[in-house]
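# Understanding the architecture of this molecule
Okay, here's what each chain looks like letter by letter:
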Amino acid sequence: MNEDQAPALGDVRRMAAGDVLVFRPSARSRPDFPRLWEAAGAASMRGAWVHWTAVDVDG
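Each chain has its residues counted from 1, running along the sequence as written. In keeping with the model being predicted, local features are shown solely for residues with a pLDDT of at least 70 and side-chain atom pairs are shown and tallied solely at 80 or more, while totals for entire chains, interfaces and linings include all residues. For the side-chain quantities, the full set of heavy atoms in the structure was used; hydrogens and water were omitted.

## Some details on the pairing of strand β2 (residues 49–52)
The pairing of strand β1 (residues 20–23) with β2 spans 4 bridges and is classified as parallel. Looking at the pairing, V22 lines up with H51 of β2. Orient the strands so they point away from the viewer; a crossover is then right-handed if the path from the first strand over the helix to the second runs clockwise. Here a helix means four or more residues in a row that DSSP labels H or I, a strand means two or more in a row labelled E, and each is numbered from the N terminus. This β-α-β element, β1 to helix α2 (residues 33–45) to β2, shows right-handed connectivity. By the convention used here, strands pair only if DSSP detects at least 2 bridges between them.

Shown next as structure tokens:
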């Protein structure tokens, strides 16, 4: 997830064990970031892996 791309909020809320959600630094600039972060917390409690990466590029 970054400033330009993110899954639908409902999809994040439904994540569970076996799902992976990666936040990139620019994700914080999204207007919907607080709601996405809250949904990621719920997904994490259901077993999804929520990860912050230090860079905004693939590689």
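## Quick word on the nonpolar core
In plain words, nonpolar cores are sets of buried Ala, Val, Leu, Ile, Met, Phe, Trp, Tyr and Cys residues tied together by side-chain atoms within 4.5 Å. Residue burial is assigned from relative accessible area. The probe radius is 1.4 Å, only protein chains are included, and a residue is buried under 20% of its type maximum, exposed over 50%, and partly exposed in between. The biggest cluster of nonpolar side chains holds 12 residues, and these are M1, V12, M15, L21, F23, A27, F33, L36, A39, A40, A43 and A48. Mapped onto this core, the elements with two or more residues apiece are β1 and α2. At 5 residues, the largest contribution of residues to this core is made by α2. By definition in these notes, contact holds between two residues if any of their heavy atoms fall within 4.5 Å. Residues in contact with M1, not counting those within four places in the same chain, are A6, P7, L21, V22, F23, R24, A27, R30 and L36.

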